[in-house]
Amino acid sequence: MHQALFNSHYNLTAGESDAHSLAPVTLLVERIIEIATRHANCLEVGYEQLRTAGIGWVLSRISLEIYRYPGINEDYALSTWVESYNRHFSDRAFELTDGGGNIVGRAHSTWVAIDMRRRTMADLSDFERDAIPCLDKPCGISPARRIPTLADSASQEPLHFSYSDIDFNRHVNTVRYLARVLDHWPLSHHDRYAVGRIDMAFNRELRYGDTASLRVAPSADGQSADCEIVHADGSRAAAMRIRWQLRRDMD
């Protein structure tokens, strides 16, 4: 019987931590993608199964809320379950818990099946849908709202993607987009604020050697920011909305 709720346990090492001796949000997103991949493999709709049909999963949207970040040498765990599944998309939810089982974060994601040769939406009709158990368990966070195109007044800075930015699909890795966006703010900002929530949407691939631009529009009160990474032709590759939280309020 396929496992509807999938769990994975971790311990934060010093080498994985950030400048605040905590799990960086980039690591947590990486872990979320990792556990989703492992669960899909167990459900027989993962990389090995889909590649025989020339299909792969691509992350389309993800929302993450963090209430407290795990610290160095702290045990933590992630659990994931499928909320919905059809021949094109799958929605997944996640819970992040500390060593005592307390929920310290939640996430929701949408994945799309892609024809890897044509780079277009694929059809999963040939895969057994009844084998994919959908769990009736609330995600616990509100759905992401669409991030509109940023105004001309948004700041702009160039980005260039190199070898270390690409993954096995030879497009820019999801976590690298996030890392580049977070690097926009200086250390003094990160010393005061942590990411309380982030919504990310991925619209178009960027590849090795591509030149792009990062555009940022902070809110009037400075508590959030809308960001987008755009191709040289002006089309959007990715968009993010960050809500900042004072670090002292997350202890």
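Our structure is the block above this text.
Residues numbered from 1 in each chain as written. Predicted model: local features only at pLDDT ≥ 70, side-chain atom pairs only at ≥ 80, totals over all residues. Heavy atoms only, no water.

**Q** Any chance you could break down helix H1 (residues 25-42) for me, citing the residues and the numbers?
**A** Compared with the 26 Å implied by 1.5 Å per residue over 18 residues, the 26 Å span of H1 between its first and last C-alpha is a close match. Buried within H1 are the following residues: Val25, Thr26, Leu27, Leu28, Val29, Arg31, Ile32, Ile35, Ala36, His39 and Ala40. With its phi angle positive at about 65°, Glu44 sits one or two positions after the end of H1. (Helix = DSSP H or I, 4+ residues; strand = E, 2+ residues; numbered from the N terminus. Expected span 1.5 Å × (residues − 1). Buried < 20%, exposed > 50% of the residue type's maximum accessible area, 1.4 Å probe, protein only.)

**Q** I'd like a description of the nonpolar core, backed by residues and values.
**A** Within the largest apolar cluster, 64 residues are counted, with the highest numbers of intra-cluster contacts made by Tyr177, Cys227, Ile229 and Ile242. With eight residues, the single largest contributor to this core is H1. Not counting residues up to four positions away in its chain, the partners in contact with Ile242 are Val181, Leu182, Trp185, Val195, Arg197, Ile198, Gln223, Ser224, Ala225 and Cys227. (Core = buried A, V, L, I, M, F, W, Y, C linked by side-chain atoms within 4.5 Å. Contact = heavy atoms within 4.5 Å.)

**Q** Residues and numbers for the environment of Leu59, please.
**A** With respect to the element layout, Leu59 can be found in strand E2 (residues 55-66). Sequence-wise, Leu59 and Met200 are 141 residues apart; in three dimensions their C-alpha atoms are separated by 9.8 Å. Here Leu59 is in contact with Ile33, Ser109, Thr110, Trp111, Thr174 and Phe202, once residues within four sequence places are set aside.

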